[in-house]
Amino acid sequence: MFASEGWTKSPTEPTIENGKLYGLGALDQKAGIAIQLMQLLRLKNKKFRGTVTFTGVVDEELQSLGTYDLIQKGIIKDFDAALFSEPGIICGDGLFIVNSVRGRYAFNVKVHGKSGHGSQKKGINAIVDAAKLIEAIDKMKTKKHPIMGSGVTCVSKVGGGTDFFLVPDHCEFMLHRGAVAGESKEYCYKQLKDLVKSLKLKSRVDIEFFERPNPFLDPCIVDDKEKIVQLAKSSFKKFGLKPELKNSDSVFDMNYTVALCGIPSINIGPN
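Criteria and thresholds
- Residues numbered from 1 in each chain as written.
- Predicted model: local features only at pLDDT ≥ 70, side-chain atom pairs only at ≥ 80, totals over all residues.
- Heavy atoms only, no water.
- Helix = DSSP H or I, 4+ residues; strand = E, 2+ residues; numbered from the N terminus.
- Buried < 20%, exposed > 50% of the residue type's maximum accessible area, 1.4 Å probe, protein only.
- Contact = heavy atoms within 4.5 Å.
- Areas by Shrake-Rupley, 256 points an atom, 1.4 Å probe, with all protein chains shown as cover.
- Lys, Arg positive; Asp, Glu negative; His and termini not counted.
- Charge placed at Lys NZ, Arg CZ, Asp CG, Glu CD.
- Axes fitted to C-alpha atoms, helices over the stretch in contact; angles between N-to-C directions.
- Parallel < 35°, antiparallel > 145°, perpendicular 65-115°, else oblique.
- Left-handed = near helix turned anticlockwise from the far one by under 90°.
- Nonpolar A, V, L, I, M, F, W, Y, C, P; charged D, E, K, R; others polar.
- Polar contact = N/O pair within 3.5 Å; in protein donor to acceptor, adjacent residues only side chain to side chain.
- Pairing = 2+ DSSP bridges.
- Phe/Tyr/Trp six-rings, centres within 6.5 Å; stacked < 30°, edge-to-face > 60°.
- Lys NZ or Arg CZ within 6 Å of the ring centre and 35° of its normal.

Engineer: Which residues make up the overall build of the protein, and what are the values?
Structural biologist: Secondary structure assignment for the protein yields six helices and 15 strands. For the protein, the spread of C-alpha atoms along the principal axes amounts to about 80 × 45 × 35 Å. Here the protein holds 271 residues, and 34% of them are scored as buried. Long-range contacts, defined here as pairs at least 24 residues apart, represent 77% of the contacts in the protein between residues at least 6 apart. In the form shown here, the protein has an accessible surface area of approximately 16900 Å², with 55% of it arising from carbon and sulfur atoms. Once the 38 positive and 31 negative side-chain charges of the protein are each reduced to a mean point, those two points are 5 Å apart.

See the structure below:
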C-alpha cells in the first residue's frame, strides 16, 4: 500500500501518542494476528479434537497472492470453517460478525480518438469522450442486494494525450467495480459495453479486464445458520454481547475461501 496525501505524522516512522500507534499499516492487521496467535497458545494447553491451521499471508490488499498460493498447493482445502480477523474498518465501527463480502472486478478502458492540431480543433478528442464515459459510469445504476447493498464503481486512474497543442488521440482509465451477489464479472463487462454503445461516442472504446495472476474475487455470502456463525454468536452471548451480522463492502481473502473453496467463513476483527 502507498501513503496518500494528508498525513499529519510520518506514515513510514511509527509514532506512539496517548497510547495510540500512528503509521501506515498500524491497524491492518497487527491486532488480529496477535489475537489469533494467543488463542493458538491457549489451545495447545487444552484438550482439543481436530486440527487448527494458522496462515499468515502476504498481499491480501491487492491480489490475494498468499492465500491463493496456499489454495493451489492444497494447504487450504476441506476445512470445516475459516475465521478471519480483518479490522473493523472493513464494515464500520462496532461489534460485527462479517458473513458476506462484496466482490471486486477491475477493467482497463481505452478510448481511441483522432489526433489533430489544437488550434483548429479538428480530430476526435479522446479525453473529452473519456470524460463523458466516466461521468456516465459514475451515474450508472447497479444491482441492489438485500444484504450487500448496491454495487459500486470507482474510476481510479486516468491518463492520455501527447502534447499541449495536439488533440489527444488516446485516453485510458482504470475502473474498480464493487459487485454484489447477482453481478458476475461477465454481467459487469456487458453492462459497460452496453453503456458505451448507448453514448454513441465518436471515439472507439476498448474494454479489457485488468490482468491478474489469479482469479477475481467474487461476492460471497455465508448462511447465518452455518455452524461457524452460530458458534460465534453463542461465544459472544456468554459475555452478554449480541454482535450484528454484517456485510463487508471491501474484498479480502474470505472471498477465496468461500467462493473458491466452499469453506464457511466469517470475519471478527478488532476496531
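Moving on, there is more to tell.
Engineer: Give me the lowdown on the packing of helix H3 (residues 126–139) against helix H4 (residues 185–199), citing residues and values where you can.
Structural biologist: Interhelical geometry of H3 versus H4 gives an angle of 125° and a closest axis separation of 11 Å. The angle between the axes of H3 and H4 places the two elements in the oblique class. Two packed elements cross with a definite hand, and for H3 against H4 that hand is right-handed. Taken together, the residues of H4 that come into contact with H3 (itself represented by Lys132, Leu133, Ala136 and Ile137) are Leu192, Leu195, Val196 and Leu199. Counted by class, the contact of H3 with H4 contains seven nonpolar, no polar and one charged residues.

Engineer: Just give me the short version of the side chain of serine 248, but keep the residues and values in it.
Structural biologist: Relative to the helices and strands, serine 248 resides in strand S14 (residues 244–248). Its relative accessible area of 0% is what places serine 248 among the buried residues. Reaching out from serine 248, the side chain makes a polar contact with the backbone oxygen of serine 250 at a distance of 2.7 Å.

Engineer: Any details on the sheet that holds strand S9 (residues 152–160)? Residues and values, ideally.
Structural biologist: Read from one edge to the other, the open sheet built from four strands follows the order S9-S11-S5-S12, with strand pairing classed as antiparallel. Where the open sheet ends on each side, the last strands, each with one partner, are S9 and strand S12 (204–209). On average, adjacent strands in this sheet sit at an angle of 20° to one another, irrespective of strand direction. Across 10 bridges, strand S5 (residues 103–112) lies against strand S11 (residues 170–179) in antiparallel orientation. Across the sheet, the residue bridging to phenylalanine 107 is leucine 175, located in S11.

Engineer: How would you explain helix H2 (residues 65–72) if you had to name every residue and give the values?
Structural biologist: The periodicity of an α-helix, 3.6 residues per turn, causes residues three or four places apart in sequence to face the same way. Taken residue by residue, H2 has Gly66, Thr67, Tyr68, Leu70 and Ile71 as its buried positions. The secondary structure elements touched by the buried residues of H2 are helix H6 (254–259). Once H2 finishes, glycine 74 follows within two positions and takes phi at roughly 80°, a positive value.

Engineer: Break down the packing of aromatic side chains for me, citing the residues and quoting the values.
Structural biologist: One pass over the full model with this rule turns up seven aromatic pairs. Ring geometry for tyrosine 68 and tyrosine 256: centres 5.5 Å apart, planes at 45°, overall tilted. In this pair, tyrosine 68 is assigned in helix H2 and tyrosine 256 in helix H6, connecting sequence segments 188 residues apart. Since its relative accessible area comes to 1%, tyrosine 256 is described here as buried. Ring geometry for tyrosine 105 and phenylalanine 216: centres 5.7 Å apart, planes at 85°, overall edge-to-face. Taken together, the residues span a long stretch of sequence, with tyrosine 105 in strand S5 and phenylalanine 216 in the loop between S12 and strand S13 (220–221) at a distance of 111 residues. With a relative accessible area of 14%, phenylalanine 216 lands in the buried category. Ring pairing ties together the aromatic residues Tyr105, Phe107, Tyr189, Phe209 and Phe216, which thus form one cluster. Stacked on the ring of tyrosine 22, the Lys or Arg lysine 9 has its end atom at 4.9 Å from the ring centre. If you follow lysine 143 out to its NZ or CZ, it ends over the ring of tyrosine 187, 4.6 Å from the centre.

Engineer: Can you lay out the side chain of glutamate 183 for me, pointing to particular residues and giving the numbers?
Structural biologist: Inspection of the secondary structure assignment puts glutamate 183 in the loop between S11 and H4. Of the residues examined, glutamate 183 reaches a relative accessible area of 1% and is grouped as buried. Polar side-chain contacts of glutamate 183 include one of 2.8 Å to the side chain of arginine 177. Apart from residues no more than four positions distant in its own chain, glutamate 183 is found in contact with Tyr105, Thr142, Lys143, Gly151, Arg177, Gly178, Cys188 and Pro219.

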